[in-house]
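Overview (structure and organization)
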Amino acid sequence: MNLHEYQGKEILSSFGVGIQRGIVAQTPEEAVKAAKELTEKTGTSWYVVKAQVHAGGRGKGGGVKLAKNLEEVKKISNDIIGMMLITPQTSAEGKLVSQVLIAEDVYYPGESETEEFYVSILLNRATGKNMVMYSPEGGMDIEEVAEKTPELIFTEEIDPGTGLLPFQARKIAFNLGLSGNAFKEMTKFVMSLYKAYESSDAAMFEINPVLKTSDNKILAVDAKVSLDENALYRHKDYLEYRDIREEHPIEVEAKAAGLNYVALDGNVGCMVNGAGLAMGTMDLIKQAGGEPANFLDVGGTADAKRVEIAFRIILKDPNVKAILVNIFGGIVRCDRVAQGVVDAYNNMKNAINVPIIVRLQGTNAVEAKALIDAQEGLNVISAVEFQEAAEKVQEVLS
Amino acid sequence: MSVLVNKDSKIIVQGFTGSEGTFHASQMIEYGTNVVGGVTPGKGGQEHLGRPVFNTVQDAVDKAGADTTIIFVPPAFAADAIMEAADAGIKVIICITEGIPVGDMVKVKAYLQNKETRLIGPNCPGVITPGEAKVGIMPGFIFKKGNVGIVSKSGTLTYEAADQVVKQGYGITTAIGIGGDPIIGTTTKEAVELLMNDPETEAIVMIGEIGGQLEAEAARWIKADGNRKPVVGFIAGQTAPAGRTMGHAGAIVSGEGESAQAKMEILAENGIHVVASPAKIGEAIASVLAGVAK
């Protein structure tokens, strides 16, 4: 589950990680109020207005701007709230901004120059261990750093038995070129950041930039935080962080119905049991000359009710020109699934306006095909072999 | 021969008396699998499906001689169940449970490091050696005995592959579902290595999907090992967008070399017979085994 910057910072702060403070606002008026409150709390005289959407590169798209007074806060917030923010990580239409974070100015002048770093924590799948990935090249696109100056990216692997150790934190601070108070602050920052990562069951932390202020404090200026959804049962307080405005509306509905659905751009919908077979079916649709309109794992119990819900979800996408149902019946019998398809079809006859190709393989596949072929007046085409299904898709598309 | 499980395996079911455990344990017994009992804490001493129930895995090892376990425990308790089995000296642990927190699996992986045990899964369909032992949730009848080994991250794609192989007149030595999570006990390479060293296995089907580097690691090992047996490879998710999780928690393209296209290239470079279509797995096996007795 991806979080907004302000939500990620809330988690960080609750574990003692230094952050650039801010207050979230839904309207320009709220933004001004937030700015006043922030000045009382922090003494800041300038403000950063930051669009809160689930996408990186917000600054590049005009979603992060400096305001030097309350009037500018109002004007900039008014511009950003409601805009379609286009960044390198969004689609071409961009993402609708519904809220902004009014944040304190942390780049104030002082005894030393400010410096920006990159720090992330994530799972190294190859070793099954978490690692801290960091670089003195902060504030930039890390993929770019990896490409141009890979020697400036460092990693520190974490032993699950001990967690991040103080000597590792010191190594990180040294490699970032810090000394004196800033060095000490960085070791504290990294230790508490790892504590936050582990305790919150995070899937990823990416803090870019981590700022050394002119008075040698270490702060998270941005926070990209993603949580492990499978662990949310032990973090009930984080459930409210889910923002369905950031998700595809059909995906939200499918999730509520207990279906694993991902919306795609194509013209052939699909309903499959099992994630791997679902991906394989999408690939086959492409090879048959179509483009998959979705990923949908209907799971092991493909009964009439579930099939009907799945049909309704798939058909919400107006681009769908045909639907391929691909079920490998093992424990679940194919004739039952076939009956489910027929019942679902009859229940929603007027709602189905595209051809449906049903490929059932496994237990009682022959009976299932006979059952479907015996139906009259349904735009349902049966198949048994995987390849045969692909050819049928090709036929209905041409 | 076969790998991991056979007719002599002494198998227990953790989460034996729950609905999933009960259903699949009875299917396993019906298949002829040597299920010697099960574990449900607090129900020790009872009998279930005609087999003894034990309070702890240690009891099952001591009293029933268990050496293999299959886990149907809910995600919140599954990591503990795996470690309990390892601690009791179980040799092969097969974890079916889907949805275990990654943080828990990081601890499990470290815990297992110095133990003489092999974990398969989690989030997998299990392992089957046709005619001997079905230690999983797969429909047994699809898997006919033969000389083709299968290693797969996906359940239904494994059934699909087995079905195609059987329809070509061949059969299966052992099919290993390694699971679709970001952290799994046995990697693609380790499972392939088991089959390479199995004298009865003459060809291998290796089914991967987007995300991670396991297939590439296996492919490089296969080549370094001298391409001793032909391997047919398929990678699911050629049409999956980057950055999205496709059902399996581990099926997400989040870095270089993790897309289906990138993996297919690496597989091909290392002498694996890559099929672009999941409908062509059986044909590819028939072609690499042409001339070999069925």
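Residues numbered from 1 in each chain as written. Chains lettered and ligands numbered in written order. Predicted model: local features only at pLDDT ≥ 70, side-chain atom pairs only at ≥ 80, totals over all residues. Heavy atoms only, no water.

Regarding the UniProt feature "domain: CoA-binding" (unreviewed entry) in chain B
Applicable threshold: UniProt positions are given in the numbering used here, feature names are shortened, and annotations may be inferred rather than shown by experiment. Secondary structure follows DSSP: runs of H or I at least 4 residues long count as helices, runs of E at least 2 residues long count as strands, and numbering of each begins at the N terminus.
Mapped onto this structure's residue numbering, the UniProt feature "domain: CoA-binding" (unreviewed entry) falls at residues 4-100 of chain B. Annotated as 35% helix and 24% strand, the span residues 4-100 of chain B places its first and last C-alpha atoms 23 Å apart.

Regarding the interface of chain A and chain B
Basically, it comes down to this: The criterion used for residue contact is that any of the two residues' heavy atoms lie within 4.5 Å. Salt bridge criterion: a side-chain nitrogen from Lys or Arg within 4 Å of a carboxyl oxygen from Asp or Glu. As used in this structure description, the phrase polar contact means that two N or O atoms lie within 3.5 Å; if the pair is within protein, one of them must be able to donate a hydrogen and the other to accept it, and residues adjacent in sequence are counted only when both atoms belong to side chains. For this classification, Asp, Glu, Lys and Arg are treated as charged, while Ala, Val, Leu, Ile, Met, Phe, Trp, Tyr, Cys and Pro are nonpolar and the rest, including Gly, are polar.
In this complex, chain A contributes 41 residues to the contact, which on the side of chain B involves 54 residues. If you look at where chain A meets chain B, you find four salt bridges. Among the ionic pairs, Arg234(A) bridges to Asp104(B), the shortest N-O distance being 2.7 Å. At the junction of chain A and chain B, the tally comes to 13 residue pairs in polar contact (both at pLDDT 80 or more). At the level of secondary structure, the elements contributing two or more residues to the side of chain A that touches chain B comprise strand E13 (260-263), helix H8 (275-287), strand E17 (356-362) and helix H12 (386-397) of chain A. Its residues assigned to classes, the side of chain A that touches chain B shows 16 nonpolar, 15 polar and ten charged.

So, the environment of Leu101(A)
All names here are of chain A. The criterion, for reference: Whether a residue is buried, partly exposed or exposed follows from its accessible area with a 1.4 Å probe, protein chains only, as a fraction of its type maximum: under 20%, in between, or over 50%, in that order.
For leucine 101, the position within the fold is in strand E6 (residues 100-104). For leucine 101, a relative accessible area of 3% corresponds to the buried category. Separated by 24 residues in the primary sequence, leucine 101 and serine 77 have C-alpha atoms spaced 9.3 Å apart. When neighbours within four sequence positions are excluded, leucine 101 is seen to be in contact with Glu5, Tyr6, Lys9, Gly22, Ile23, Val24, Val48, Val49, Lys50 and Gln52.

What to know about the UniProt feature "binding site: Mg(2+)" (unreviewed entry) in chain A
Residue and element names in this part refer to chain A. This chain's UniProt record puts "binding site: Mg(2+)" (unreviewed entry) on Asn208 and Asp222. Secondary-structure assignment places asparagine 208 in strand E10 (residues 202-212). By relative accessible area, which is 17% here, asparagine 208 ends up buried. Not counting residues within four places of it along the chain, the set of residues in contact with asparagine 208 comprises Phe117, Tyr118, Gly138, Gly139, Met140 and Asp222. Within the local environment of asparagine 208, its side chain forms a polar contact with the backbone nitrogen of glycine 139, the two atoms lying 2.7 Å apart. Of note, aspartate 222 is situated in the loop between strand E11 (218-220) and strand E12 (224-227). If near-sequence neighbours (up to four positions away) are discounted, aspartate 222 is found in contact with Glu5, Lys9, Arg58, Glu206, Ile207, Asn208 and Pro209. Polar side-chain contacts of aspartate 222 include one of 3.0 Å to the side chain of arginine 58.

Overview of the domain arrangement of chain A
The cut-off we apply is this: Domain segmentation is taken from an automatic or database assignment of domains.
Partitioning chain A into domains gives domain 1 (1-19 + 108-247), domain 2 (21-105) and domain 3 (249-397). A separation of 44 Å is found between the C-alpha centroids of domain 2 of chain A and domain 3 of chain A.

Some thoughts on the pattern of salt bridges
Residue and element names in this part refer to chain A. Scanning the model with the defined rule gives 35 salt bridges over all chains in all. With a closest N to O distance of 2.8 Å, glutamate 5 and lysine 9 form a salt bridge. In this pair, glutamate 5 and lysine 9 are both assigned in helix H1 (residues 5-14), four residues apart and thus about one turn of the helix distant. The class for glutamate 5 is buried, based on a relative accessible area of 3%. The buried category is assigned to lysine 9, whose relative accessible area is 3%. For arginine 245, the salt bridge is made with aspartate 243, and the minimal N-O distance between the two is 3.0 Å. A relative accessible area of 48% means that arginine 245 is categorised as partly exposed.

Here's the deal with the UniProt feature "binding site: substrate" (unreviewed entry) in chain B
When the UniProt feature table is mapped to this numbering, "binding site: substrate" (unreviewed entry) covers Tyr159(B). In this structure, Tyr159(B) sits in helix H5 (residues 155-167).

With respect to the sheet that holds strand E7 (residues 118-120) of chain B
Residue and element names in this part refer to chain B. Selection criterion: Only when DSSP finds a minimum of two bridges between them are two strands counted as paired. Note on method: axes are straight lines fitted to C-alpha atoms, helices fitted across the in-contact stretch only, with angles between N-to-C directions ranging 0 to 180 degrees.
What the seven strands build is an open sheet, ordered E3-E4-E2-E1-E5-E6-E7; its pairing is mixed. Of all strands in the sheet, those bounded by a partner on one side alone are strand E3 (47-48) and E7. Bridge count between strand E1 (residues 11-14) and strand E2 (residues 35-39): four bridges; the pairing is parallel. Its bridge partner lying in E2, isoleucine 12 is registered against glycine 37. This element, helix H2 (residues 57-64), spans E1, E2 and strand E4 (51-54) of the sheet and lies at about 140° to E4.

Notes on the domain arrangement of chain B
Residues and elements named next belong to chain B. Stated precisely, the cut-off is as follows: Here's the idea: put two parts together, see how much 1.4 Å probe accessible area each one loses, and the total over both is what we call buried area.
In terms of domain boundaries, chain B breaks down into domain 1 (11-120) and domain 2 (138-290). In this structure, domain 1 and domain 2 have C-alpha centres spaced 26 Å apart. Listed by partner, the interface residues are nine residues for domain 1 and 13 residues for domain 2. Buried surface at the junction of domain 1 and domain 2, both sides included, amounts to about 940 Å², of which 57% is carbon and sulfur. At the boundary of domain 1 with domain 2, the tally comes to one salt bridge. Here glutamate 190 ties to arginine 118 by a salt bridge, and the two come within 3.8 Å at their closest N and O atoms. Run the count over domain 1 and domain 2 and you get three residue pairs in polar contact (both at pLDDT 80 or more). Sorting the residues of the side of domain 1 that touches domain 2 by element identifies helix H4 (102-112) and E7 as the ones contributing at least two each. Per-element accounting of the side of domain 1 that touches domain 2 gives the leading share, four residues, to H4. The residue makeup of the side of domain 1 that touches domain 2, split by class, is six nonpolar, no polar and three charged.

Digging into the environment of Leu211(A)
Residues and elements named next belong to chain A. As for its placement among the helices and strands, leucine 211 is situated in strand E10. Between the C-alpha atom of leucine 211 and that of tyrosine 118, which follows or precedes it by 93 residues, the distance is 8.8 Å. In this structure, leucine 211 is in contact with Val106, Tyr107, Thr114, Glu115, Glu116, Lys217, Ile218, Leu219 and Val221, ignoring residues within four places of it in sequence.

Some details on the sheet that holds strand E1 (residues 22-25) of chain A
Residue and element names in this part refer to chain A. One open sheet accounts for four strands, arranged E1-E6-E2-E3; its pairing is antiparallel. Single-partner strands in this sheet number two, and they are E1 and strand E3 (64-67). If you compare each strand with its neighbour and ignore which way they point, the axes differ by 25° on average. The pairing of E1 with E6 spans four bridges and is classified as antiparallel. Following the sheet pairing, isoleucine 23 is matched in E6 by isoleucine 102.

Some points on the pairing of strand E8 (residues 129-135) of chain A
Walk down a regular strand and you will see the side chains alternate between the two sheet faces. Residue and element names in this part refer to chain A. When you tally the buried positions in E8, you get five out of seven residues, the bulk of the element. Bridge analysis of strand E7 (residues 115-124) against E8 gives seven bridges, and the strand direction is antiparallel. Bridged to asparagine 124 within E8 is lysine 129. Linkage of E7 to E8, two consecutive antiparallel strands, is achieved through a turn of four residues, within which glycine 128 is found at a positive phi near 70°. In the sheet, E8 pairs with strand E9 (residues 154-157) via four bridges, with the strands oriented antiparallel. Considered in E9, the bridge of valine 132 is made with glutamate 156.

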